[in-house]
Amino acid sequence: MRKYWYRRILIMVLVFVAATGGSWYLIHGYEEQFDREVSAKPAEGTMVIPGGMPVGIYLETEGVMVLGTGAVEGLDGNPEEPARNLVRAGDYILELDGRKVRDKKELIREVEALRDENVVLTLQRGGETIDVRTRAVLCGPEEYKLGIWVRDNAQGLGTVTFLNGDSRFGALGHGIHDMDTGKLLAISRGTLYSTSIKDIQKGADGTPGGMEGIIIYNNYNVLGTIEQNTEEGIYGEIGRIDTLFSDQVPVETAAKEEIREGAATIRCAVEGEVKEYDIEITKIDTHAKEANKGLEIRVTDQDLLSVTGGIVQGMSGSPILQDGKLVGAVTHVFVSDPARGYGIFIENMLKNVE
């Protein structure tokens, strides 16, 4: 009898272990499968704080950007253009005779220090770095010139689109291009500054309007740093969140498949404080050739139309919301009709802060 009970107890223990162990294995297996399925899905429903606030933007280029070449007058009075066909608009000068050049002041110092006309410029052209041999023109006693027009920074006004949980921001929804060459600026660093709107130039048919702001470039007004300038906007980190975001209520973001044609709103501060204004999404192009022109919108809010005439320069980055979700940002205005414009899908911006 005793052996019989031992045998029954042993069988019960084995059944219990098998049952509980099997259950753990089954649950664990489903958890792994669930994790795989979740990780395979696109990021939807990300929580962010929507923006709408104007900011001052200051960018410094990676090296010194070439705008073009020109003739300079030599000692003999004849014009010379030694860099023509060697240096191109859109190139970045990184070094002069092996010495690093970070900005225009350093380039000027290096040129002033020249004692020989033979010069080697290290350039970034497209995705490659090349050395170009050119000649400096002697224009006076120990005074040389290269005959190259350059720029090393860009400044402007734009609108913040969102802030995520890691203090990363997205703004503008389109890249910052050089006004002369039309090329996307390759930046080394940048800074966001607080600003206040001074005036609004109302848009009209054929004439885009604009926001005029007061920006004081000092440490007290610094809001954060800019780390990326892409075709989908500028991105970086906000250091003074409470200064910029008075309203910190997060909203979900929407995948482009969730967006529908019809009523929506935009957030902007053209009247001195962030407000929501009515718009209509008139077209959704999920295969747009330009990443920042996937949405077409039309301003329907009479208050906004009376103040700005529609979409004006400086409103780029204004968040677009629909059904309580952040779906995109304003990027461009139709010059022929300032009440209409383009927008970018928010998912195209979010990929730059992942």
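For the structure itself, look to the data block above.
Student: Could you clarify how one ought to interpret the overall build of the protein in this entry?
Tutor: When you go through the protein residue by residue, the secondary structure sums to five helices and 24 strands. Residue burial in the protein is summarised as follows: out of 354 residues, 45% are buried. Sequence separation of 24 or more characterises 68% of the internal contacts of the protein that already satisfy a separation of 6 or more.

Student: Help me understand the packing of aromatic side chains, please; the structure alone is not making it clear to me.
Tutor: Geometry of an aromatic ring pair is reported as the spacing of the ring centres plus the angle between the planes. Taken as a whole, this structure holds three aromatic pairs when the rule is applied. Ring centres 4.9 Å apart and planes at 85° place the aromatic pair Tyr193 and Tyr217 in the edge-to-face group. Within this pair, whereas Tyr193 is found in strand E13 (residues 187-194), its partner Tyr217 is found in the loop between strand E15 (210-214) and strand E16 (222-230), the two being separated by 24 residues in sequence. The exposure class assigned to Tyr217 is partly exposed, which follows from its relative accessible area of 36%. A centroid spacing of 4.9 Å and a plane angle of 55° characterise the contact between Phe334 and Tyr342, whose relative ring orientation is tilted. The ring of Tyr220 is capped by Arg240, whose NZ or CZ atom sits 5.7 Å from the centre of that ring.

Student: Help me out: how do you make sense of the pairing of strand E23 (residues 325-334) in this one?
Tutor: Taken residue by residue, a regular strand's side chains alternate between the two faces of the sheet. Of all ten residues making up E23, eight are buried, and the element is well covered by its neighbours. When strand E22 (residues 319-322) meets E23, the two strands line up antiparallel, connected through four bridges. In the strand pairing of E23, Gln322 is matched with Lys325. Between E22 and the antiparallel strand that follows it, E23, lie two residues; Asp323 among them carries a positive phi value of about 55°. Sheet topology places E23 next to strand E24 (residues 337-345); six bridges connect them, and they run antiparallel. The residue of E24 that forms the bridge with Ala329 is Ile344. Between E23 and the antiparallel strand that follows it, E24, lie two residues.

Student: Is there a simple way to think about unusual backbone geometry in this case?
Tutor: With glycine set apart, most residues show a phi of negative sign, and most peptide bonds adopt trans. Even without glycine at this site, Leu172 takes up a positive phi of about 70°. With respect to the helices and strands, Leu172 occurs in the loop between strand E12 (168-171) and E13. Here Asp323, not a glycine, exhibits a phi torsion of approximately 55°, which is positive. Following the sequence through the fold, Asp323 ends up in the loop between E22 and E23.

Student: Would you explain the side chain of Thr191 in this entry?
Tutor: Looking at where Thr191 falls in the secondary structure, it is placed in strand E13. Residues in contact with Thr191, not counting those within four places in the same chain, are Gly56, Ile57, Tyr58, Val222, Gly224 and Ile226.

Student: Help me understand the pattern of salt bridges, please; the structure alone is not making it clear to me.
Tutor: In a structure, side chains of opposite charge can pair up when their charged atoms sit close to one another. Under the counting rule described, the total for this entry stands at 17 salt bridges. One salt bridge in this structure joins Arg189 and Glu60, with 2.8 Å as the shortest N-O distance. Note that Arg189 is positioned in strand E13 and Glu60 in strand E2 (residues 54-69), a separation of 129 residues in sequence. The partner of Arg125 in a salt bridge is Asp91, and the shortest N-O contact between them spans 2.7 Å. You can see Arg125 sitting in strand E7 (residues 118-125) and its partner Asp91 sitting in the loop between strand E4 (79-80) and strand E5 (92-96), a full 34 residues away along the chain. Look at Arg125 and you get buried, because its relative accessible area is 17%. Where salt bridges share partners, they join Arg151, Asp178 and Asp180 into one cluster.

Student: Mind showing me how you'd approach the side chain of Asn292 here?
Tutor: Tracing the backbone shows Asn292 in the loop between strand E20 (275-284) and strand E21 (295-299). Of note is the side chain of Asn292, whose polar atom sits 2.9 Å from the backbone oxygen of Glu231.

The rules behind each value
Residues numbered from 1 in each chain as written. Predicted model: local features only at pLDDT ≥ 70, side-chain atom pairs only at ≥ 80, totals over all residues. Heavy atoms only, no water. Helix = DSSP H or I, 4+ residues; strand = E, 2+ residues; numbered from the N terminus. Buried < 20%, exposed > 50% of the residue type's maximum accessible area, 1.4 Å probe, protein only. Contact = heavy atoms within 4.5 Å. Phe/Tyr/Trp six-rings, centres within 6.5 Å; stacked < 30°, edge-to-face > 60°. Lys NZ or Arg CZ within 6 Å of the ring centre and 35° of its normal. Pairing = 2+ DSSP bridges. Salt bridge = Lys/Arg side-chain N within 4 Å of Asp/Glu carboxyl O. Polar contact = N/O pair within 3.5 Å; in protein donor to acceptor, adjacent residues only side chain to side chain.

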